[in-house]
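Per-entry structural report
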Amino acid sequence: MAYRDLRAFVRALEDAGELKRVPFEVDPVLEIAEFADRSVKGGGPALLFEKPKGHAIPMLINAFASMRRMELALEVDSVEEVARRIVELLEMKAPEGLMGKIKMLPKLAEMGSFFPRTVSSAECQEVVRTDGFSLAELPVLQCWPEDGGRFITLPLVFSRNPDTGKRNCGMYRMQVFDERTTGMHWQTHKQGAEHYRRMAKQGRKRMDVAVAIGADPATMYSAILPLPPDLDEMLFAGFLRQKPVEMVKCKTSDLEVPANAEIVIEGYVELGELRTEGPFGDHTGFYSLADEYPVFHATCLTRREQPIYATTIVGPPPMEDYYMGKAIERIFLPLMRLQLPEVRDIAMPAEGVFHNLILVSIRKSYPGHARKVMHSIWGTGQAMFSKCIVVVDEDVDVQNPREVAWKALNNIDPERDIQFVMGPVDSLDHASRLPNYGSKMGVDATRKWAGEGFTRPWPGVIEMTPEVKRRVDEMWKRAGL
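Throughout what follows, the structure given in this document is the object of discussion. (Residues numbered from 1 in each chain as written. Predicted model: local features only at pLDDT ≥ 70, side-chain atom pairs only at ≥ 80, totals over all residues. Heavy atoms only, no water.)

A word on the pattern of salt bridges
Stated precisely, the cut-off is as follows: Counted as salt bridges are all cases of a side-chain nitrogen of Lys or Arg within 4 Å of a carboxyl oxygen of Asp or Glu. Only DSSP runs of H or I covering at least 4 residues are called helices, and only runs of E covering at least 2 are called strands; the numbering of each starts at the N terminus. Classification of residues uses two cut-offs on accessible area relative to the type maximum, computed with a 1.4 Å probe and protein chains only: under 20% is buried, over 50% is exposed, and between them is partly exposed.
By the definition in use, this model includes 36 salt bridges. The partner of R167 in a salt bridge is D232, with the nearest N and O atoms 3.0 Å apart. Taken together, the residues R167 in strand β8 (residues 167-170) and D232 in the loop between α7 (217-222) and α8 (233-241) connect sequence positions 65 residues apart. Here R167 and D232 have matching classes, each one buried. R206 is paired through a salt bridge with E270; the nearest N and O atoms lie 3.3 Å apart. With R206 in strand β11 (residues 206-213) and E270 in strand β14 (residues 263-277), the pair connects residues that are 64 residues apart, well separated along the chain. Sharing partners across several salt bridges, the network here consists of E80, K326, E329, R330 and D345.

Things to note about the packing of helix α3 (residues 67-74) against helix α9 (residues 320-339)
Rules: Axis lines are fitted to C-alpha atoms, over the contacting stretch for helices. Their N-to-C directions set the angle, which ranges from 0 to 180 degrees. Crossing handedness is read from the near helix: turned anticlockwise from the far helix by less than a right angle, it gives a left-handed crossing, and turned clockwise, a right-handed one. Residue contacts are defined here by distance: any two heavy atoms, one from each residue, within 4.5 Å place the two residues in contact.
One can describe the packing of α3 onto α9 by two numbers: an axis separation of 9 Å at closest approach and a directional angle of 65 degrees. Relative to α9, the crossing made by α3 is right-handed. In this structure, α3 uses M67, M70 and L74 to contact α9, whose residues at the interface are Y323, M324, K326, A327 and I331.

Structural notes on empty space enclosed by the protein
Which entries qualify depends on this criterion: Using a grid of 1 Å spacing that covers the protein atoms alone, one calls a set of points a cavity when a 1.4 Å probe fits there but cannot get out, and a pocket when the set is open and has protein on both sides within 12 Å along at least five of seven lines; lining residues are those with an atom within 4 Å of a point. Grid points are joined across faces, edges and corners, and a volume is the space filled by probe spheres set on the points. Asp, Glu, Lys and Arg are counted as charged, while Ala, Val, Leu, Ile, Met, Phe, Trp, Tyr, Cys and Pro are counted as nonpolar; the rest, among them Gly, fall into the polar class.
All chains considered together, the criterion is met by four cavities of 30 Å³ or more. Taken as a whole, the largest cavity spans an internal volume of roughly 60 Å³. What lines the largest cavity is simply H283, G315, P317, M319, D321, Y322, M348, P349, A350, V353 and F354. Here the second largest cavity defines a volume of roughly 40 Å³. In terms of lining residues, the second largest cavity is bounded by L6, L60, A63, F64, L154, M220, A310, T311 and E320. Class assignment for the residues of the lining of the second largest cavity results in seven nonpolar, one polar and one charged.

Quick notes on the sheet that holds strand β3 (residues 59-61)
Let me state the cut-off plainly: Pairing between strands is defined by DSSP: at least two bridges between them are needed.
With respect to topology, four strands assemble into an open sheet ordered β1-β2-β3-β18, the strand pairing being mixed. At either margin of the open sheet sits one strand with a lone partner, and together these are β1 (19-26) and β18 (309-310). Across six bridges, the pairing between β1 and strand β2 (residues 46-52) is parallel. Counted as the bridge partner of V22 is F49 from β2. On top of the sheet, helix α1 (residues 6-15) reaches β1, β2, β3 and β18; it is set at about 110 degrees to β1, its chief contact. Sheet contacts for helix α2 (residues 31-41): β1, β2 and β3; angle to β2, the most-contacted strand, approximately 160 degrees.

A word on the nonpolar core
Considering soluble globular proteins, one finds that nonpolar side chains tend to be buried as a cluster. The criterion, for reference: By nonpolar core we mean a set of buried residues, namely Ala, Val, Leu, Ile, Met, Phe, Trp, Tyr and Cys, connected to one another through side-chain atoms within 4.5 Å.
Residues Y221 and I265 are the most contacted members of the largest nonpolar core, which totals 106 residues. With seven residues, α9 is the single largest residue contributor to this core. Discounting chain neighbours no more than four positions away, the residues touching Y221 are M70, L74, L240, M324, A327, I328 and I331.

Remarks on unusual backbone geometry
For the peptide bond that leads from G278 to P279, omega is 0 degrees, which places it in the cis range. With respect to the secondary-structure elements, P279 resides in the loop between β14 and β15 (280-281). Between P317 and the following residue, P318, the backbone shows a cis peptide bond with an omega angle of 0 degrees. Positive phi values are uncommon outside glycine, yet E75 reaches one of about 55 degrees. With respect to the helices and strands, E75 occurs in the loop between α3 and α4 (80-90). At V353, a position not held by glycine, the phi torsion is positive, near 40 degrees. Relative to the assigned elements, V353 resides in the loop between β19 (343-347) and β20 (358-362). For V353, a relative accessible area of 5% translates into the label buried.

Structural notes on the layout of surface pockets
Volume-wise, the second largest pocket comes out at about 540 Å³. Surrounding the second largest pocket, 19 residues form its lining, N410, N411, W458, P459 and V461 being those nearest its centre. A per-element tally of the lining of the second largest pocket places helix α11 (residues 401-411) first, with four residues. A class-by-class count of the residues in the lining of the second largest pocket yields nine nonpolar, three polar and seven charged.

So, the sheet that holds β19
One open sheet holds the five strands; their spatial order is β19-β20-β21-β23-β22, and the pairing between them is mixed. Each of the sheet's edge strands pairs with one partner strand only, and the pair in question is β19 and β22 (418-424). When strand polarity is set aside, the average angle formed by the axes of neighbouring strands in this sheet is 20 degrees.

Here we look at helix α10 (residues 369-378)
For α10, the complete set of buried residues consists of H369, A370, V373, M374, I377 and W378. Residues of α10 that are buried in the fold lie against α9, β19, β20, β21 (388-393), β22 and β23 (437-444).

Quick look at the packing of aromatic side chains
Under the convention used in this document: Any pair of Phe, Tyr and Trp rings, taking the six-membered ring for Trp, is counted once the centres come within 6.5 Å. Such a pair is stacked with planes under 30 degrees apart, edge-to-face with planes over 60 apart, and tilted for the rest. Here, a charge over a ring means that NZ of Lys or CZ of Arg falls within 6 Å of the ring centre while also lying within 35 degrees of the ring normal.
Taken as a whole and judged by the stated rule, the model has twelve aromatic pairs. Where Y3 meets F9, the ring centres are 5.4 Å apart and the plane angle is 55 degrees; that geometry is what we call tilted. With a centroid separation of 6.1 Å and 20 degrees between ring planes, the pair formed by F236 and F332 is classed as stacked. Taken together, the residues F236 in helix α8 and F332 in helix α9 connect sequence positions 96 residues apart. By relative accessible area, which is 10% here, F236 ends up buried. Residue F332 is classed as buried on the basis of its relative accessible area, which comes to 13%. Members of the aromatic cluster, each reached through a chain of ring pairs, are Y3, F9, F64 and Y221. For R85, the ring lying beneath its charged end belongs to F239, and the centroid distance is 4.1 Å. Here R180 stacks its cationic end above the ring of F133, 3.8 Å away from the centre of that ring.

Right, here's the structure in full:
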């Protein structure tokens, strides 16, 4: 059964021994962040702070901060199950004959159950305030000492494409400036920023935006997924949770938000209005610098009677976002293999902070194959931000960075096997020569072929024979080792 809401997920975490309640007062300014950082790096549980200092609303953090918690969030024994479901869906073929069509009906019915469903009333609107409210009521974190202020870090930000009317849900940090205004950190490559640009081009003055905080875990997780622009995140959330997401119309705009949300901030962005936002201790482990971003104006606050504030922190890896990203890596591998069937596996090590390093193993079939794979990845969605791509042969375990480093460093001639290209880079890349534009590197660490100009003998890897291993296995026990 899909989780009805965030509190159902909290109960599941607690039942599984994956949550710790903190019953005493802890300050949302720096102290809670330090708790969360220590917990995730020490393999600790999710944390529910029952008394954030100065606030009556409890706070949940690190809810996704382990692979076990990701499995609980998606209600699977392994995130690979989600990948298999995607493969099954993509491999569905048109049925032949009456029996084939009859057998297909359950699958078609299942697909129909993914679509979001609009409801007329919702828990997220048990309390509605269009006047006399303040964002200071929320236990918003200041995560790191040099942050520009307090930031809402786990928001589901809803906007609508002005050309197609299709909704988008993204997760963009929001610096709280005062009681009713925040920053809206729309990086230039994100869909929220694209909607903003399109409205500006049309001469619009305002853009409606709604922000949901806290929902069932699959719905929250869907906001960060690298989905195609025209695929509704709420539809994909329905696929993940095997049950439609119930949506309710906002009180002050035509946007819809998850009915099971804990808190909703309705408002708008004034097109052309910018304000300095940041610095912010980011997932790179460095501060992203202050810059100009749109301003969000809150016009209405709705919430449950007794809401839970969901949040996260990012910083030097590994942190909660690493585990969320690792699940994305496993879930979307089948989609990558649709376009690149030669890819056997991919890995994004924590130290690579997602966009800085991708390790790829391939079944090499022709000269230059590794370079073809690099360029294909750079041409695919958000993978275009990959600063370094290392391609190895299929016998290399890319989930083991030590093995990759050993074999790659042995296999390359740097001048021959390293390729540099120019293109878009992640907005958080502080080392690029220009914002959002810089160089990227591909490393062909595969075994080289004569067709690639390599004519020297290629040595084999040192390995003991299986027969000797078996004999020593027995003697090892006799030796008491």
